[in-house]
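# Observations on the model geometry
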Amino acid sequence: MKKTSTRLADGRELLYYDGRDDVVRDAVDRRPLGPVATASEIRTDPLLGDAVAVSSHRQERTYHPPADECPLCPSRDGRLSEIPDSEYDVAVFENRFPSLAGDSGRCEVVCFTSDHDASFADLTPEQAALVLEAWTDRTAELAELPAVKQVFCFENRGAEIGVTLGHPHGQIYGYPFVTPRTALMLRSADAFQESSGGRNLFDETVAREVADGSRVVLEGEHWVAFVPYAAHWPYEVHLYPKQRVPDLRFLGDEARTEFPQMYLELLRRFDRIFDGPGGGKGGAGEPPTPYISAIHQAPFGELEGYGINRDEFALHLELFTIRRTSGKLKFLAGSESGMNVFVNDVPPETAAERLREVASK
C-alpha cells in the first residue's frame with residue numbers, strides 16, 4: 001500500500017491509498033473554496049447521560065446531487081470535485097460538513113472506489129483489502145489525536161438509510177468520548193466478568209453461537225459471522241475475528257487476508273436476501289438492500305470506571321438492514337424510538353437460514 005497526503009483548497013487533509021507503489025499523486029485542488037466554518041458542540045443529556053452533537057452547519061451539506069455533479073467522483077472533463085485526481089483506488093478526506101470538529105473530534109469520508117455506479121460488494125478482494133488498510137491506518141492516526149477517545153468506521157448505504165450521496169463511500173468518526181453503545185457493552189462485559197469468575201463476555205458470546213450453530217451464517221478459519229441471539233434488526237449479522245483483538249491495528253496477517261472474502265460474501269448475500277422480480281441489485285423489482293455496516297473498536301487509553309481493560313474488548317463488525325421483507329421497511333416507532341425496546345419481526349434463526357440459502361455458488 002502507498003499512502004499520499006495532500007491538502008484540499010480549503011486546507012482539509014486528503015489521503016490517497018493506492019495498491020501500487022509507483023502511483024504519483026500530484027493533482028492540485030483548483031476550486032475557489034473558502035475556509036471551512038463549523039459549529040459543532042457536544043451537549044450531554046442530564047437524564048440519560050448521552051452525548052449529543054449539535055452541528056447546525058450540516059444543514060448546508062450536499063443533498064442528492066445528480067450523478068454528473070457527484071463530489072466524490074474524481075475530477076474529470078473540467079468538473080472539479082473533492083478528489084483532485086482523475087482516478088483513485090481509495091481516498092480519505094476530512095468531511096466538509098463534519099458532525100464533529102476541533103475539540104469535539106473529527107469526521108472523515110472514505111471513498112471505496114472511483115466507480116460511481118459500484119458498491120462495496122462489487123469490489124475485488126484486493127480492493128476490499130486496501131479499504132481495510134485505510135481503516136486501520138486512520139484508526140492508528142486518529143488514536144494519536146488528543147481530542148479523540150474512540151474511532152468508528154462505518155458505511156451507510158441506501159436512500160432509505162438517509163444517504164445523501166450515491167457514490168460508494170463510508171465515514172470515520174473520531175469521538176471525544178466513549179459512545180453510549182460502547183459504554184453499555186463495557187458495563188455488560190464488566191458485570192459478566194465479575195459474576196463468572198473472570199471469563200470474557202465477548203469470547204463466551206462467540207463460543208456460544210458457534211456451539212449452537214443455528215444462527216451461524218458464515219465461518220472461516222479466522223472469522224465467524226452469525227445472527228445474534230437477540231438481534232434488534234430483521235436481518236443483522238455480527239462478524240468477529242476468532243482471536244479477540246481490541247481494534248483493527250492488532251489484527252494478524254492471516255485474519256487480514258481472510259477478511260475481504262468473508263465481508264464481501266456477507267454483503268453479496270445481503271444483496272440477494274430479497275431477490276425476486278428484478279433481483280436485489282436494483283433491477284425492475286427490488287432496489288439494492290439498504291444497510292448499515294459498523295466496526296466496533298475499543299476506546300483508547302484506560303477505561304476508567306468500567307472494570308475491564310481495553311484488551312478485553314472485542315473488535316467486531318455489525319451489519320444490518322432496515323428492510324424486513326420485500327418492499328417493507330422496519331421503522332423505529334414508539335417502542336424503539338420512545339423506549340429503546342426493539343421489536344423484531346424476523347426470528348434470528350429464520351434470518352440466519354435465509355442468509356445461508358443465498359450463499360454464493
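Note that residues are indexed from 1 along each chain, following the sequence as it is written. Where local features are concerned, this predicted model is filtered to residues with pLDDT of at least 70; where side-chain atom pairs are given and counted, the filter is 80 or more; whole-chain, interface and lining totals use all residues. Heavy atoms throughout the structure, all of them, feed into the side-chain values; hydrogens and water do not.

## Notes on the packing of aromatic side chains
Put simply, the rule reads: Pairing of aromatic side chains requires ring centres within 6.5 Å, counting the rings of Phe and Tyr and the six-membered ring of Trp. Pairs whose planes differ by under 30 degrees are stacked, by over 60 edge-to-face, and all others tilted. Numbered from the N terminus, helices here are DSSP runs of H or I no shorter than four residues, and strands are runs of E no shorter than two. Buried means the residue's accessible area, taken with a 1.4 Å probe over protein chains only, is under 20% of the maximum for its type, while exposed means over 50%, and partly exposed covers the values in between. Sitting over a ring, as applied to charges here, requires NZ of Lys or CZ of Arg to be within 6 Å of the ring centre and within 35 degrees of the ring normal.
Using the criterion set out here, one finds 16 aromatic pairs in the structure. With a centroid separation of 5.7 Å and an interplanar angle of 10 degrees, the aromatic rings of Phe226 and Tyr240 are classed as stacked. You can see Phe226 sitting in strand E10 (residues 223-226) and its partner Tyr240 sitting in strand E11 (residues 235-241), a full 14 residues away along the chain. Looking at Tyr240, the relative accessible area reads 7%, which means it is buried. Judged by centre distance (5.6 Å) and plane angle (85 degrees), the rings of Tyr235 and Phe274 are edge-to-face. Pair noted here: Tyr235 is in strand E11 and Phe274 is in the loop between helix H4 (253-272) and strand E12 (291-296), with a separation of 39 residues, a long-range link. Looking at Tyr235, the relative accessible area reads 9%, which means it is buried. Among the residues examined, Phe274 registers a relative accessible area of 7% and is labelled buried. Following the ring pairs from residue to residue traces out a cluster consisting of Phe112, Phe120, Trp135, Trp223, Phe259 and Tyr263. Sitting above the plane of the Tyr16 ring, Arg25 keeps its charged end 5.0 Å from the centroid.

## Brief notes about the nonpolar core
Where we set the bar: Side-chain atoms within 4.5 Å are what join buried Ala, Val, Leu, Ile, Met, Phe, Trp, Tyr and Cys residues into a set we call a nonpolar core. In what follows, a contact means two residues having at least one pair of non-hydrogen atoms within 4.5 Å.
Within the largest apolar cluster, 53 residues are counted, with the highest numbers of intra-cluster contacts made by Phe120 and Trp135. If one sorts the elements of this core by residue count, H4 sits on top with 8 residues. With residues up to four places along the chain from it excluded, the contact list for Phe120 reads Phe112, Ala128, Val131, Trp135, Glu155, Tyr263, Leu264, Leu267 and Tyr291. Grouped together as the second largest cluster of nonpolar side chains are 17 residues, Leu186, Ala189, Phe226 and Phe313 included.

## Examining the side chain of Ser104
Inspection of the secondary structure puts Ser104 in the loop between strand E5 (90-94) and strand E6 (106-111). Residue classification places Ser104 among the buried positions, given a relative accessible area of 10%. In this view, Ser104 contacts Ser40, Glu41, Ile42, Gly174 and Pro176; residues no more than four positions away in its chain are not counted.

## Notes on the sheet that holds E12
Note the threshold: A pair of strands counts as paired when DSSP detects no fewer than two bridges linking them. Comment: axis = line fitted to C-alpha atoms, over the contacting stretch for helices; angle = value between 0 and 180 degrees taken between N-to-C directions.
With respect to topology, 11 strands assemble into an open sheet ordered E1-E2-E5-E6-E8-E7-E12-E13-E11-E10-E9, the strand pairing being antiparallel. What marks the edges here is a single partner per strand, and that holds for strand E1 (2-7) and strand E9 (216-219). For this sheet, the mean inter-axis angle between neighbouring strands, taken without regard to orientation, is 20 degrees. Looking at chain direction, strand E2 (residues 13-18) and E5 are connected through 4 bridges and run antiparallel. When the sheet's bridge partners are listed, Tyr17 is paired in E5 with Val90. Packed onto the sheet, helix H1 (residues 125-142) meets E1, E2, E5, E6, strand E7 (150-157), strand E8 (169-175) and E12 and runs at close to 140 degrees relative to E2. Relative to E10, helix H3 (residues 201-212) is tilted by about 70 degrees, and along the sheet it contacts E9, E10, E11 and strand E13 (316-321).

## Focus: H1
Operational definition: By this rule the span expected of a helix is its residue count minus one, scaled by 1.5 Å.
In this model H1 runs 26 Å from its N-terminal to its C-terminal C-alpha over 18 residues, within 8% of the 26 Å that 1.5 Å per residue would give. Listed in full, the buried residues belonging to H1 are Ala128, Leu130, Val131, Leu132, Ala134, Trp135, Thr136, Asp137, Arg138, Thr139 and Leu142.

## Some words on the pattern of salt bridges
Oppositely charged side chains can pair when the atoms bearing their charge come close. Convention followed: Salt bridges are identified by distance alone: a Lys or Arg side-chain nitrogen within 4 Å of an Asp or Glu carboxyl oxygen.
Taken as a whole and assessed by the stated rule, the structure comprises 32 salt bridges. As a salt-bridge pair, Arg138 and Glu108 come within 2.7 Å of each other at their nearest N and O atoms. Taken together, the positions of Arg138 in helix H1 and Glu108 in strand E6 put the pair 30 residues apart, joining distant regions of the chain. Here Arg244 makes a salt bridge to Asp203, at a shortest N to O gap of 3.0 Å. Of this pair, Arg244 sits in the loop between E11 and H4 while Asp203 sits in helix H3; the two residues are 41 residues apart in sequence, bridging distant segments of the chain. By relative accessible area, which is 34% here, Asp203 ends up partly exposed. Taken together, the salt bridges that share partners define one network made up of Lys3, Arg7, Glu13, Glu94, Arg106, Glu108, Asp137, Arg138 and Glu141.

## Comments concerning the pairing of E11
Summarising burial for E11: 7 of the 7 residues are buried, a large majority. Because side chains alternate across E11, one face comprises the buried residues Tyr235, Val237, Leu239 and Pro241, and the other comprises Glu236, His238 and Tyr240, equally buried. Sheet analysis places E10 next to E11, joined by 4 bridges and oriented antiparallel. When the sheet's bridge partners are listed, Val224 is paired in E11 with Tyr240. The pairing of E11 with E13 spans 5 bridges and is classified as antiparallel. Looking at E13, one finds that Leu239 is bridged to Leu317.

## Focus on the state of the cysteines
Disulfide: a covalent bond formed between the sulfur atoms of two cysteine residues. We apply this condition: Counting rule for disulfides: a pair of cysteine sulfur atoms within 2.5 Å.
Under the defined criterion, the tally for this structure stands at 0 disulfides. For Cys70, which is in no disulfide, the shortest distance to another cysteine sulfur is to Cys73 and amounts to 3.8 Å. Judged by relative accessible area, Cys73 falls into the buried class, the value being 10%.

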